[in-house]
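# Coordinate inspection notes
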Amino acid sequence: MNVGVIGAGYVGLVTAACFANLGNNVVCVDIDKEKINALKRGVIPIYEPGLREMVKDNLRRKKLIFTTNISLAVKKSTVIFIAVGTPPKDNGEADLSYVENVARRIAMEMPSYRLIVEKSTVPVYTGRKIEETLKAHNKRRIQFDVASNPEFLREGQAINDFMNPDRIVIGVRTKKAREILEKLYEKFKTSIIATDIESAELIKHASNSYLATKISFINAISNICEKCGADIVSVAKGMGMDKRIGAGFLNAGVGFGGFCFPKDLEAFIRISEKLGYEFDILRAVKKINDQQKILFVKKIEEALWILNGKTVTVLGLSFKPGTDDIRYAPAIDIINMLKKEGVKIKTFDPKAMVKAKKVLSGVTFCNDAYSAVKNSDCLAIVTEWNEFKNLDLKRVKKLMREPVIVDGRNIYSPDRVKKAGFKYVGMGRKL
Ligand code: UGA
């Protein structure tokens, strides 16, 4: 099929690369000239395993074209995905001006029938607004359909998630739109849930906020564990074995970050408000998530007594392993809180240092975990990269000034760390 993807951000780029890899002819558009020029040379602006190879391969096969020219994409493609950014406004609502702009351009440029699919995470009713915009600017009365096809990929495993999703959700109003999307996804070995546009939009918001709720719930339980002497890892394991609950997203820690959960949660609270519903659970989810970072800093303070003048090593800057993304990363807030208390920060992250250097000042960036712990009073684990799990703790102890580990992702067994001679503090762990 001829597929257009407007927006070469995380979702757009992965969507374009994967559809091209499946044999479709894909035109991917972005207004950022520098980004497009880099992409044309196979240079990817994000770290995502496998993406660079896939993009390069499909550029070579001429299955994938990058351009800043939106009319080229609209003219060449029957199916056009809108995957532009929906950044948060000051009040937490999603800013849909990029979506509106794209819809207007498509309406003005489309030569014949087009299926316009929203892929960006958008508030319920956006599909309807896109339809209205297309109608208003479609002077030549060309036929079109709008559909919603939310994306559920996770950063760090985006290609695998895109190619092997748990389900494909399509929100459509016509049989034609449904058939086109079913054809596009026919090679995928998974169920397609076809529903109306509003339900498809809501599935995305409801899924992300449910997962965020699961994380805050387990973090709340981890706080109870600490108060009553239980161990969160055992509690989560015991809960997760109930099929109705499931084991995923029950890892307690410093909380969720990234450009999806915090932003989508806030946006969903605003959408609900606008629809006349106070979504109190989601407000509590946000509050617990904010508190986890403060709690983590308090744990460091309790372990060190006085923070001012101490050196803390923060291992991990990205909001989770497998990505260089530091947007809404807990590490950034934690480092800034510690700095305010007069703490000297040494840090290391396998992938996120380049991006972190742009937003953090007065922090020592080290070449590896061992140089980061040298002469440090406390090792604070914030992102659970595998290489941190496998550190040689004997070597770490020799290098540190004080053998203290505050483990914000519960990557270590308290017994093992204590046996290695450390003072260990986890999140909801039995000590
Ligand atoms: C999330 C969803 O998982 C995807 O399905 C969705 O497509 C995406 O948002 C989006 O809306 O675009 P992502 O933000 O890449 O994906 O990351 P996750 O793997 O879901 O992790 C989010 C945050 O939750 C991370 O900071 C992670 O450390 C934290 N987390 C996750 C926990 O604290 N505990 C857990 O048990 C699981």
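What you are looking at is a predicted structure, and each value in this text was computed from that prediction instead of being measured.

## A look at unusual backbone geometry
If a residue is not glycine, its phi is most likely negative; likewise, a peptide bond is most likely trans. In this model, tyrosine 125 sits at a positive phi of 90°, which is unusual for a non-glycine residue. Looking at where tyrosine 125 falls in the secondary structure, it is placed in the loop between strand 5 (114–118) and helix 6 (126–137).

## A look at the sheet that holds strand 11 (residues 364–365)
Read from one edge to the other, the open sheet built from six strands follows the order 11-10-9-12-13-14, with strand pairing classed as parallel. Each having just a single partner strand, strand 11 and strand 14 (423–425) make up the two edges of the open sheet. Two elements, strand 13 (residues 404–407) and strand 14, share three bridges in a ladder whose sense is parallel. Note on strand 14: the bridge partner recorded for valine 406 is valine 425. Packing against the sheet, helix 12 (residues 280–304) makes contact with strand 9 (311–315), strand 12 (378–381), strand 13 and strand 14, and its axis sits at approximately 165° to strand 13.

## Looking at the nonpolar core
Soluble, globular proteins show a tendency: their nonpolar side chains are buried together. Membership of the largest hydrophobic core comes to 53 residues, with the highest contact counts inside it found for Ile300, Leu338 and Tyr412. Those residues within four positions of tyrosine 412 in sequence are excluded, and the remaining contacts are Ile381, Phe388, Lys389, Leu391, Leu393, Ile405, Asp407, Val417, Tyr424 and Arg429.

## A look at the packing of aromatic side chains
On inspection of all chains with the given rule, the structure shows eleven aromatic pairs. Three or more aromatic residues joined by ring pairs form one cluster here, namely Phe19, Phe81, Phe162, Tyr185 and Phe188. Lying over the aromatic face of phenylalanine 152, arginine 167 brings its terminal NZ or CZ to 3.6 Å of the ring centre. Above the plane of the ring of tyrosine 47 lies lysine 351, whose end atom (NZ or CZ) is 4.5 Å from the centre.

## A short note on the domain arrangement of the protein
Domain annotation of the protein identifies domain 1 (2–195) and domain 2 (230–425). If you average the C-alpha positions of domain 1 and of domain 2, the two centres end up 34 Å apart. In this assembly, domain 1 packs against domain 2 so that about 1400 Å² is buried in total across both faces, 58% of it on carbon and sulfur atoms. Along the contact surface separating domain 1 from domain 2 lie two salt bridges.

## Here we look at the site of the ligand
As a matter of local geometry, the ligand sits amid 20 residues, with Phe152, Leu153, Glu155, Lys204 and Asn208 nearest to it. One of the backbone nitrogen or oxygen atoms of glutamate 151 is found 3.4 Å away from an oxygen atom of the ligand. One of the backbone N or O atoms of phenylalanine 152 is found 2.7 Å from an oxygen atom in the ligand. Protein coverage of the free-state accessible area of the ligand, which is 720 Å², stands at 92%. Those elements that place two or more of their residues in the shell around the ligand are helix 9 (197–228) and helix 11 (261–274). Per-element tally for the shell around the ligand: the top contributor is helix 9, with three residues. Summarising the domain contributions, the shell around the ligand has at least three residues from each of domain 1 (2–195) and domain 2 (230–425).

## A short note on the pattern of salt bridges
Considering all chains together, one arrives at 32 salt bridges under this definition. A salt bridge links glutamate 182 to arginine 178; the nearest nitrogen and oxygen atoms lie 3.0 Å apart. In this pair, glutamate 182 and arginine 178 both sit in helix 8 (residues 175–184), four residues apart, roughly one turn of the helix. A salt bridge links glutamate 384 to arginine 409; its shortest N-O distance comes to 3.5 Å. Here glutamate 384, found in the loop between strand 12 and helix 16 (386–389), pairs with arginine 409, found in the loop between strand 13 and helix 18 (414–419); they are 25 residues apart in sequence, far enough to count as distant. According to the relative accessible area criterion, glutamate 384 is partly exposed, its value standing at 23%. Given a relative accessible area of 16%, arginine 409 falls into the buried group. One network of salt bridges, in which partners are shared, links Glu266, Arg270, Glu273, Glu278, Asp280, Arg283, Lys286 and Asp290.

## Digging into helix 11
An α-helix turns once per 3.6 residues; consequently, residues spaced three or four apart project the same way. For helix 11, built from 14 residues, the straight-helix expectation of 20 Å at 1.5 Å per residue is met to within 8% by its first-to-last C-alpha distance of 20 Å. Most of helix 11 sits inside the fold, with eleven of its 14 residues counted as buried. Where helix 11 is concerned, the buried positions are Phe261, Pro262, Lys263, Asp264, Leu265, Ala267, Phe268, Ile269, Arg270, Ile271 and Ser272. Check the buried side of helix 11 and you find it contacts helix 9 and helix 12. Trailing helix 11 by a residue or two, glycine 276 shows a phi angle of about 90°, which is positive.

## As for the pairing of strand 13
Side-chain positions along a regular strand alternate between the two faces of the sheet. With burial as the criterion, each face of strand 13 is covered, one bearing Val404 and Val406 and the other bearing Ile405 and Asp407. Taken together, strand 13, helix 18 and strand 14 constitute a β-α-β crossover, and its handedness is right-handed.

## Examining the side chain of threonine 86
Note on placement: threonine 86 falls in the loop between strand 4 (79–82) and helix 5 (97–109). Using a relative accessible area of 6% as the deciding quantity, one classes threonine 86 as buried. Polar side-chain contacts of threonine 86 include one of 3.1 Å to the backbone oxygen of threonine 121. Among residues more than four places away in sequence, those in contact with threonine 86 are Ala94, Asp95, Leu96, Val99, Ser120, Thr121, Val122 and Lys263.

## Some points on the packing of helix 6 against helix 9
At a closest axis distance of 8 Å, the pairing of helix 6 and helix 9 adopts a crossing angle of 130°. One element, helix 6, and the other, helix 9, form an angle in the oblique class. In contact with Thr126, Gly127, Arg128 and Glu131 of helix 6, helix 9 contributes Ile197, Glu198 and Glu201. Split by residue class, the contact of helix 6 with helix 9 holds one nonpolar, two polar and four charged.

Reading guide: rules and limits
Residues numbered from 1 in each chain as written. Predicted model: local features only at pLDDT ≥ 70, side-chain atom pairs only at ≥ 80, totals over all residues. Heavy atoms only, no water. Helix = DSSP H or I, 4+ residues; strand = E, 2+ residues; numbered from the N terminus. Pairing = 2+ DSSP bridges. Contact = heavy atoms within 4.5 Å. Axes fitted to C-alpha atoms, helices over the stretch in contact; angles between N-to-C directions. Core = buried A, V, L, I, M, F, W, Y, C linked by side-chain atoms within 4.5 Å. Buried < 20%, exposed > 50% of the residue type's maximum accessible area, 1.4 Å probe, protein only. Phe/Tyr/Trp six-rings, centres within 6.5 Å; stacked < 30°, edge-to-face > 60°. Lys NZ or Arg CZ within 6 Å of the ring centre and 35° of its normal. Domains from an automatic or database assignment. Buried area = accessible area lost by both parts, 1.4 Å probe. Salt bridge = Lys/Arg side-chain N within 4 Å of Asp/Glu carboxyl O. Near = heavy atom within 4 Å. Polar contact = N/O pair within 3.5 Å; in protein donor to acceptor, adjacent residues only side chain to side chain. Areas by Shrake-Rupley, 256 points an atom, 1.4 Å probe, with all protein chains shown as cover. Expected span 1.5 Å × (residues − 1). Right-handed = clockwise from strand over helix to strand, strands pointing away. Parallel < 35°, antiparallel > 145°, perpendicular 65-115°, else oblique. Nonpolar A, V, L, I, M, F, W, Y, C, P; charged D, E, K, R; others polar.

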